[in-house]
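In case you want the letters, here they are:
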Amino acid sequence: MRSPQDARTLLGYDIDIAQLARRVAGRRRLVVAFILGALILAVAYLHVAEYTYTATLAVSPVASSSASGGLAGKLGSLGNIASLAGINIGGDAGTQAFMMYQEGLYSRDVAEQLAQDPQIMHAVFHKQWDAENKKWISPPPVIRAIVQFAKALLGIPVRPWQPPNGALLQEYIVDNVEVEPDPEKPVVTITYRYQDPQMAVRFLRELDRAVDNKLRSIALTRANQYVGYLSDQLNKVTNTDVRDALMSTLIDQENTVMMASVTAPYAAQPFGPPSASRKPMNPKPLLVFPVALLAGGLFGSFAALWLPPLHWPRARFRRLFGKPRLGTG
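Residues numbered from 1 in each chain as written. Predicted model: local features only at pLDDT ≥ 70, side-chain atom pairs only at ≥ 80, totals over all residues. Heavy atoms only, no water.

(A) Broad picture of the packing of helix α11 (residues 197-234) against helix α12 (residues 240-261). Axis separation between α11 and α12 bottoms out at 9 Å; the angle between their running directions is 155 degrees. Taken together, the axis directions place α11 and α12 in an arrangement best described as roughly antiparallel. As for the relative orientation of α11 and α12, their crossing is left-handed in sense. Residues Arg216, Ala219, Leu220, Ala223, Asn224, Tyr226, Val227, Leu230, Ser231, Gln233 and Leu234 of α11 pack against Arg243, Leu246, Met247, Thr249, Leu250, Gln253, Glu254, Thr256, Val257, Met259, Ala260 and Ser261 of α12. (Axes fitted to C-alpha atoms, helices over the stretch in contact; angles between N-to-C directions. Helix = DSSP H or I, 4+ residues; strand = E, 2+ residues; numbered from the N terminus. Parallel < 35°, antiparallel > 145°, perpendicular 65-115°, else oblique. Left-handed = near helix turned anticlockwise from the far one by under 90°. Contact = heavy atoms within 4.5 Å.)

(B) Representation of the side chain of Asp130. Mapped onto the secondary structure, Asp130 falls in strand β2 (residues 129-130). Notably, Asp130 is buried but unbridged: the nearest opposite-charge side chain belongs to Lys135, and the N-O separation is 5.6 Å. At a separation of 2.7 Å, a polar atom in the side chain of Asp130 contacts the side chain of Asn133. With sequence-adjacent residues up to four places away left out, Asp130 is seen in contact with Lys135 and Ile137. (Buried < 20%, exposed > 50% of the residue type's maximum accessible area, 1.4 Å probe, protein only. Lys, Arg positive; Asp, Glu negative; His and termini not counted. Salt bridge = Lys/Arg side-chain N within 4 Å of Asp/Glu carboxyl O. Polar contact = N/O pair within 3.5 Å; in protein donor to acceptor, adjacent residues only side chain to side chain.)

(C) Molecular detail of a nonpolar patch on the surface. On the surface, Phe34, Leu298, Phe299, Phe302, Trp306 and Leu307 cluster together into a nonpolar patch covering about 690 Å² of accessible area. Considering each element in turn, the nonpolar patch owes the most residues, four residues, to helix α13 (residues 285-306). Take Leu298: it is sitting in helix α13. (Patch = residues over 30% accessible without salt bridge, like charges linked within 9 Å, V, L, I, M, F, W, Y side chains within 5 Å. Areas by Shrake-Rupley, 256 points an atom, 1.4 Å probe, with all protein chains shown as cover.)

(D) The side chain of Arg216, seen in detail. As for its position among the elements, Arg216 is in helix α11. The exposure class of Arg216 is buried, given its relative accessible area of 12%. Excluding anything up to four places from it in sequence, Arg216 contacts Met259, Ala260, Val262, Thr263, Ala264, Pro265 and Tyr266.

(E) Spotlight on α12. In this model, α12 (22 residues) spans 31 Å end to end at C-alpha, consistent with the 32 Å of a helix rising 1.5 Å per residue. Two or three places before Asp241, at the start of α12, stands the capping residue Asn239, its side-chain oxygen 3.0 Å from that residue's backbone nitrogen. (Expected span 1.5 Å × (residues − 1).)

(F) Fine view of the pairing of strand β5 (residues 188-194). For β5, the buried fraction is high: five of the seven residues fall into the buried class. Note that strand β1 (residues 53-61) and β5 share seven bridges and pair antiparallel. Each residue of the ladder has a partner; that of Leu57, found in β5, is Ile190. Linkage of strand β4 (residues 177-181) to β5, two consecutive antiparallel strands, is achieved through a turn of six residues. (Pairing = 2+ DSSP bridges.)

See below:
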């Protein structure tokens with residue numbers, strides 16, 4: 001019967017766990033040094049890291065004022081008339097507006113509108129803003145030249161530097177604003193993280209208003225055009241069924257004009273104002289230290305196994321740190 005050692009040899013490897021453990025234990029000072037180094041790095045990281053708070057805003061679709069059955073049900077077989085007018089009858093208007101609201105959070109038009117607020121731009125791009133001189137900080141000429149040379153070498157188009165604008169803010173929103181739908185409820189949670197909780201709340205509030213107002217403006221313009229078209233058709237059409245369908249459609253568009261003309265939310269109804277977490281959510285010291293402890297122990301163990309022993313000759317030690325010998329005369 002083969003021993004475990006023979007089995008390891010037949011399989012092509014020879015690993016003695018006990019021997020590895022003894023080697024690590026024999027160089028425990030090296031492992032402890034790695035652990036202490038990792039903990040020191042963790043403390044340094046916690047001192048220089050930016051603590052961020054999480055702001056959230058829960059929204060749901062605004063209830064449509066149309067009757068149950070929707071516009072398509074009202075038109076019936078005459079729905080092609082509304083299609084000729086450019087009216088979308090594919091579903092409930094409130095649901096469609098809410099879907100557009102979620103996509104509009106990342107749109108360029110909304111970012112351009114937010115970029116008109118200097119306070120938001122200065123806070124979002126605070127590393128590029130010189131508050132004392134009240135101007136944007138351009139990259140140093142040397143760094144700019146290196147970047148331009150690297151781009152030219154790789155064939156990347158080189159564009160002149162310009163202060164942060166709506167395009168850059170759009171990229172920032174895409175990277176930092178998260179939309180989390182609830183599959184069991186018609187609720188969407190919008191999340192944003194920033195080091196200032198008050199600024200995080202204000203950013204979400206302004207973003208919500210910008211998207212809702214943009215959709216309101218689009219819906220109001222389109223509905224007024226539909227109302228004009230339908231009113232003109234009513235003056236021309238004499239067929240009773242067609243007139244009834246056009247009148248029903250006109251009423252729906254008048255409802256849209258009404259909803260888009262008031263100050264109440266148009267596409268998304270917030271569940272109260274945005275709110276920020278009471279404590280910083282990132283980084284978390286209670287998570288950083290265990291990770292540093294584990295990483296230090298792991299790397300220390302590998303170092304104990306693979307690094308050669310460091311022998312310091314005693315004669316050299318005496319020459320450096322020993323007492324000088326007095327010469328004989």
